[in-house]
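# Report on the structure
One-letter residues, chain by chain:
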Amino acid sequence: MRLRCAVLDDFQQVAKEAADWSSVTGEVDVVSFDAHLPDEDALATALADFDIVVTLRERVAFPGSLLARLPRLRLIVASGMRNSVIDYAAAEAHGVTVCGTASSSAPPVELTWALLLGLARGLVRESNGLREGGPWQQTVGADLHDRRLGLLGLGKIGSRVAQVGLAFGMRVSAWSQNLTRERADEVGVELAPSREELLRTADFVSVHLALGERTRGLLGPAELALLKPTAYLVNTSRAAIVDQDALLAALHEGRIAGAGVDVFDTEPLPAGHPMRTAPRLLATPHLGYVSQANYATYYGQAVEAIRSYLAGSPVRRLPAP
């Protein structure tokens, strides 16, 4: 009997074009889903007849309760080598192998700067005004040169964001719970003495931390209140790091100049969600990882993972040792 592979959240319907699937299509039928399956019941129904699932990032959770409802499932391929929404113990118990793929840090770095520059220069408002016959010049752009960029996190993504900031002539400082002066010196940035000091002094704050118990709700009402009224906040990491209600309040009350957000508490963002209409907000639909090169890697290595699994030698198994 032929195997069936579901490719989830293929919103642009490009999964089959981004990679060469011919090495597995002799044994596997590949089916793309261009609409998000919103809950466990929908997933259990839609995936009941599939042996393999390819899932993007951490958008779809695979708890033990779902895995128990998918007795035919044998392989999950998740893009990236870190996934916090798969129950690995339950997967092993149900005989499901989980594999990952490589993922480049370049696309989220680039999107971070697209959001930051778009905010600083009022690009959406100015572009819309020009196209719609509005006023000629409505905003006065915020300068980057000699302004302070505060980074929460200085890992692979944060350090590359720092390098771009330095190239713009910005004064760059960074903070995280484990950040050392040696690491800051290595990247060429200042080590902020505390999270609070970074927030008080930064003109632009960008979040580049992994989500965990120590970072969930890291920026709440008290922390956001420390930001200058002229400051901008950018989050391309995880929504839960920033208290969403507190951020919405700060935007509506004009307590910060603006925010650039690529991640949300619910994805895809429901119609009518307050983030869709918040003032001073430049929002994108989780595009941080969405680029031609990343998709070629994700789907190319997904094909490789399927082929290797069929050959009895799974590659890039998760959780990674």
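The structure under discussion appears in the preceding block.
Let me sum up the structure you'll find in this document. (Residues numbered from 1 in each chain as written. Predicted model: local features only at pLDDT ≥ 70, side-chain atom pairs only at ≥ 80, totals over all residues. Heavy atoms only, no water.)

This part covers the packing of helix H5 (residues 106-120) against helix H7 (residues 156-167). For the pair H5 and H7, interaxial distance at closest approach is 9 Å and the crossing angle is 45°. Between H5 and H7, the crossing angle belongs to the class labelled oblique. Here the hand of the crossing between H5 and H7 comes out right-handed. Across the interface between the two elements, Ala106, Pro108, Val109, Thr112 and Trp113 from H5 touch Ile157, Arg160, Val161, Val164 and Gly165 from H7. (Axes fitted to C-alpha atoms, helices over the stretch in contact; angles between N-to-C directions. Helix = DSSP H or I, 4+ residues; strand = E, 2+ residues; numbered from the N terminus. Parallel < 35°, antiparallel > 145°, perpendicular 65-115°, else oblique. Left-handed = near helix turned anticlockwise from the far one by under 90°. Contact = heavy atoms within 4.5 Å.)

Attention now goes to the packing of aromatic side chains. Tallying each qualifying case throughout the model produces 7 aromatic pairs. A ring pair is formed by Phe33 and Phe50, whose centres lie 5.9 Å apart and whose planes are at 65°; its orientation type is edge-to-face. Of this pair, Phe33 sits in the loop between strand E2 (28-32) and helix H2 (40-46) while Phe50 sits in the loop between H2 and strand E3 (52-55), placing them 17 residues apart in sequence. The same class applies to Phe33 as to Phe50, namely buried. Geometrically, the ring pair formed by Tyr289 and Tyr295 is stacked, given 6.5 Å between the ring centres and 25° between the ring planes. Put simply, the rings of Tyr289, Tyr295, Tyr298 and Tyr299 touch in pairs and so form one group of aromatic residues. Against the face of Phe50 rests Arg4, its NZ or CZ located 4.3 Å from the ring centre. (Phe/Tyr/Trp six-rings, centres within 6.5 Å; stacked < 30°, edge-to-face > 60°. Buried < 20%, exposed > 50% of the residue type's maximum accessible area, 1.4 Å probe, protein only. Lys NZ or Arg CZ within 6 Å of the ring centre and 35° of its normal.)

On to the sheet that holds strand E5 (residues 97-100), then. Strand order in the open sheet made by the 5 strands is E2-E1-E3-E4-E5, with parallel pairing throughout. Looking at strand neighbours, the two that pair on one side only are E2 and E5, the edges of this open sheet. Strand-to-strand twist in this sheet, taken as the mean axis angle between neighbours without regard to direction, amounts to 20°. Pairing geometry for E3 and strand E4 (residues 75-78), over 4 bridges, is parallel. Considered in E4, the bridge of Val53 is made with Ile76. Strand contacts of helix H12 (residues 292-310): strand E1 (3-7), E2, E3, E4 and E5, with the helix running at about 155° to E4, the strand carrying the most contacts. (Pairing = 2+ DSSP bridges.)

As a further point, take the pattern of salt bridges. In this structure the tally under the stated criterion is 15 salt bridges. One salt bridge in this structure joins Arg72 and Asp51, with 3.0 Å as the shortest N-O distance. A residue pair is termed long-range when its members are at least 10 positions apart, and Arg72 in the loop between helix H3 (64-67) and E4 and Asp51 in the loop between H2 and E3 qualify at 21 residues. Classification of Arg72 by relative accessible area gives partly exposed; the value is 23%. Under the relative-accessibility criterion, Asp51 is labelled buried at 8%. (Salt bridge = Lys/Arg side-chain N within 4 Å of Asp/Glu carboxyl O.)

Quick look at the sheet that holds strand E6 (residues 148-152) now. Here we have 7 strands laid out as an open sheet, ordered E8-E7-E6-E9-E10-E11-E12, and parallel in their pairing. One side of each edge strand has no neighbouring strand; the edge strands of this open sheet are strand E8 (190-191) and strand E12 (281-283). With 4 bridges joining them, E6 and strand E9 (residues 204-207) adopt parallel strand pairing. Each bridged residue has a counterpart across the sheet, and for Leu149 the counterpart in E9 is Phe204. Along the sheet face, H5 touches E6, E9, strand E10 (232-235), strand E11 (258-261) and E12 and points at about 155° away from the line of E10.

Next up on the list: the pairing of E10. Of the two faces of E10, the one holding Tyr232 and Val234 and the one holding Leu233 and Asn235 are both buried throughout. Two elements, E9 and E10, share 4 bridges in a ladder whose sense is parallel. Across the sheet, the residue bridging to Ser206 is Val234, located in E10. Bridging between E10 and E11 involves 4 bridges; their strand directions are parallel. Looking at the pairing, Asn235 lines up with Val261 of E11. Between E10 and its parallel partner E11, the chain crosses via helix H11 (residues 244-252), and the hand of that crossover is right-handed. (Right-handed = clockwise from strand over helix to strand, strands pointing away.)

All right, on to the state of the cysteines then. For the coordinates displayed, the defined rule picks out 0 disulfides. Unpaired in this structure, Cys5 has its nearest cysteine sulfur neighbour in Cys99, at a distance of 12 Å. On the basis of relative accessible area, Cys99 is assigned to the buried category, the value being 0%. (Disulfide = S-S within 2.5 Å.)

Attention now moves to the environment of Ala6. The topology assignment puts Ala6 in strand E1. Among the residues examined, Ala6 registers a relative accessible area of 0% and is labelled buried. C-alpha separation for the pair Ala6 and Gly95, spaced 89 residues apart in sequence, amounts to 18 Å. Not counting the four nearest positions on each side in its chain, Ala6 is found in contact with Val31, Phe33, Leu47, Phe50, Ile52, Val53 and Val54.

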